[in-house]
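For reference, the chains in residue letters:
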Amino acid sequence: MTPLLQVKGLTQRYGARIGCADVSFDLYPGEVMGIVGESGSGKSTLLNCLAGHLEADAGEVIFDTRVDGPRDVRAMSEPERRMLARTDWAFVHQNPRDGLRMGVSAGGNVGERLMAVGARHYGDIRGQALDWLDRVEIAADRIDDRPTAFSGGMQQRLQIARNLVTGPRLVFMDEPTGGLDVSVQARLLDLLRGLVREMGLSAVIVTHDLAVVRLLAHRLMVMKSGHVVEAGLTDQVLDDPQHGYTQLLVSSVLQA
Amino acid sequence: MSDYNFAYLDEQTKRMIRRAILKALAVPGYQVPFASREMPMPYGWGTGGVQVSAACLVPEDRLKVIDQGADDTTNAVSIRRFFERTAGVATTGRTRDATLIQTRHRIPEEPLTRDQILVYQVPIPEPLRFLEPRETETRKMHSLEEYGLVHVKLYEDIARHGQIATSYAYPVKVEGRYVMDPSPIPKFDNPKLESAAVQLFGAGREQRIYALPPHCKVVSLDFEDHPFVPSKADHACDLCGSDTSYLDEVIVDDAGGRMFVCSDTDYCEGRREAGHLGRLAASGPSAPGQEDAA
């Protein structure tokens, strides 16, 4: 089986400082990879490099495209990369305000990606938007409301709907549950888990919440100061941490 | 003639503007940056259009200036006088007689010919501006032909109003490539953008020139199930009786009385001279500035 995403020696520097250094991993179809680490450990930098928001200094990001097979994303032309970003890829921001158009109705937000890939039938677009709002548990009568009228949890669910509407194969998530209260978090995680399983999505999830990765991720990478210090199956890493930093991280979680 | 250089601008400036115009004509719908000059009028009064007109004028030209269809409003009168004084060119109110027409917010009803140039005054040349505030991003979107966002705007219209409520500055796609803001003309005028005349668009404050060469393909964007409709008020002109021209609604008293008149004053006068009469032409109140109806 070919990996959906192969990352080899990905490095990003900010001047003399290291954003992330020499990160390599494979991600197979249907697999969810978690990236954990403290603030400033380079997890968001890594995610942005993968998603093409940052131009990495070195390394390869090879994506198994539908048409041409495995290709290095960094060597693609910008139109190709942007096309990929709105069809096969999705990016869920930590703050839904970064990922949504706040001045546009919920339906318009969900429909934007469809229209960007050429949908020109209002009825169809609206139908799909309704379908997706239903799947992320937003009532159909909220379709013409703007995201500003939504709660934080609803905004985050709307952002997920907006990203998944074109049926992407790879989703990048940057702290998808950050800033939500625990019950809303639990619902969102449930929803994500369902969608990932149902659609066979592959995902890279960056978070500092170990409970989130425990629930969602099959495999886990632990980052510290820009380096991957430990990687493996989620349960294995969390239950039997080998690296000193991972041990610290796991033991730092408060028990409720 | 006065001590001004012909048509106010110096020759080097006109040369610079002409180069921008040529480039704009070569890439229809593409916004060409140019070094817009300070003009002796405020921004928003047609500084872009005036510069383009100045660069195109020759002494043999006959100039017509339209403001919202009318030849006799402040903007039209002052720009016409400006060129009378600085270029000494002949002016006219008749669409047919003019060789260069500068317009604000309308296209004349009478079809233009290959010997005419139509110059638009443009306040905001960027059709994506209110959808995407970053100029760097809109330029990238133009260069990569990413125009999905324009449809998001139209989608919002239908979701909110049940139909495409954008009634002016209606976005068009030029020659299947660039999405263009046709300046704030009513969408009724959009089909007239496919014309035999050269059409030039000048935005002075935003420092952009763009153009439509003759018979250029211009498609108004829409949805398959909500096609583009060039709408107008559902009346006939009360002065000349035309039911195919774009109408202005004029309130005539404080009891709800109103009349509809052609926004294109020259077209309306021409029809009345030819003997067409509307509902209020003989007896009723006349529109401002049009004393002797029929």
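Residues numbered from 1 in each chain as written. Chains lettered and ligands numbered in written order. Predicted model: local features only at pLDDT ≥ 70, side-chain atom pairs only at ≥ 80, totals over all residues. Heavy atoms only, no water.

### Here we look at the packing of aromatic side chains
Stage number 1. Here the structure, examined in full by the defined rule, presents 13 aromatic pairs over all chains.
Stage number 2. Taken together, a centroid distance of 6.3 Å and an interplanar angle of 40° make the contact between phenylalanine 91 of chain A and phenylalanine 172 of chain A tilted. Residue phenylalanine 91 of chain A is found in strand β6 (residues 89-92), and its partner phenylalanine 172 of chain A is found in strand β7 (residues 170-174); the two are separated by 81 residues along the sequence.
Stage number 3. Given the relative accessible area of 1%, phenylalanine 172 of chain A is considered buried.
Stage number 4. Centre to centre, the rings of tyrosine 122 of chain A and tyrosine 155 of chain B are 5.2 Å apart; their planes meet at 40°, and the pair counts as tilted. Of this pair, tyrosine 122 of chain A sits in helix α5 (residues 122-135) while tyrosine 155 of chain B sits in helix α5 (residues 148-161), each in a different chain. In this structure, tyrosine 122 of chain A and tyrosine 155 of chain B share a single accessibility class: buried.
Stage number 5. The rings of Phe63, Trp89, Phe91 and Phe172 of chain A are connected pair by pair, giving a single aromatic cluster.
Stage number 6. Just above the ring of tryptophan 132 of chain A sits the side chain of arginine 135 of chain A; from NZ or CZ to the centre is 4.2 Å. (Phe/Tyr/Trp six-rings, centres within 6.5 Å; stacked < 30°, edge-to-face > 60°. Helix = DSSP H or I, 4+ residues; strand = E, 2+ residues; numbered from the N terminus. Buried < 20%, exposed > 50% of the residue type's maximum accessible area, 1.4 Å probe, protein only. Lys NZ or Arg CZ within 6 Å of the ring centre and 35° of its normal.)

### Thoughts on the domain arrangement of chain A
Residues and elements named next belong to chain A.
Stage number 1. Considered domain by domain, chain A is made up of domain 1 (1-88 + 168-256) and domain 2 (94-167).
Stage number 2. Computed from C-alpha coordinates alone, the two centres of domain 1 and domain 2 are separated by 24 Å.
Stage number 3. Domain 1 puts 22 residues into the contact, and the matching count from domain 2 is 17 residues.
Stage number 4. Taken over both partners, the interface formed by domain 1 and domain 2 buries close to 1600 Å², and the fraction arising from carbon and sulfur atoms is 62%.
Stage number 5. On the domain 1 side of the contact with domain 2, Arg86, Pro168 and Leu191 bury the most area, a combined 31% of that side's loss.
Stage number 6. Summed over the shared surface of domain 1 and domain 2, the result is two salt bridges.
Stage number 7. Among the salt bridges present, the one from arginine 135 reaches glutamate 198, with a minimum N-O distance of 3.1 Å.
Stage number 8. Secondary structure elements with two or more residues in the side of domain 1 that touches domain 2: α2 (78-87), β7 and α7 (182-199).
Stage number 9. The element that contributes the greatest number of residues to the side of domain 1 that touches domain 2 is α7, accounting for eight residues.
Stage number 10. Class assignment for the residues of the side of domain 1 that touches domain 2 results in 13 nonpolar, two polar and seven charged. (Domains from an automatic or database assignment. Contact = heavy atoms within 4.5 Å. Buried area = accessible area lost by both parts, 1.4 Å probe. Salt bridge = Lys/Arg side-chain N within 4 Å of Asp/Glu carboxyl O. Nonpolar A, V, L, I, M, F, W, Y, C, P; charged D, E, K, R; others polar.)

### Concerning the interface of chain B and chain A
Stage number 1. Contact with chain B, which involves 21 residues of that partner, is made by 22 residues of chain A.
Stage number 2. Carbon and sulfur atoms make up 56% of the surface buried where chain B meets chain A, a total of about 1800 Å² over both sides.
Stage number 3. Of all residues in chain B, Glu146, Val152 and Tyr155 of chain B bury the most surface against chain A, accounting for 29% of the area lost on that side.
Stage number 4. Counting every contact that joins chain B to chain A gives five salt bridges.
Stage number 5. Among the ionic pairs, glutamate 132 of chain B bridges to arginine 101 of chain A, the shortest N-O distance being 3.9 Å.
Stage number 6. At the boundary of chain B with chain A, the tally comes to twelve residue pairs in polar contact (both at pLDDT 80 or more).
Stage number 7. Looking at the side of chain B that touches chain A, the elements with two or more residues in it are α4 (135-143) and α5 of chain B.
Stage number 8. The element contributing the most residues to the side of chain B that touches chain A is α5 of chain B, with nine residues. (Polar contact = N/O pair within 3.5 Å; in protein donor to acceptor, adjacent residues only side chain to side chain.)

### Remarks on the pairing of strand β9 (residues 219-224) of chain A
Residue and element names in this part refer to chain A.
Stage number 1. Inspection of the sheet shows strand β3 (residues 32-37) paired to β9 by five bridges, in the parallel sense. In the sheet register, methionine 33 faces β9, and the bridge partner there is arginine 219.
Stage number 2. Examined bridge by bridge, β9 and strand β10 (residues 227-233) share six bridges and lie antiparallel to one another. When the bridges of β10 are listed, methionine 221 appears paired with alanine 231.
Stage number 3. In textbook terms, the turn of a hairpin is the stretch between consecutive antiparallel strands, and for β9 and β10 this stretch comprises two residues, one of which, serine 225, has a positive phi near 50°. (Pairing = 2+ DSSP bridges.)

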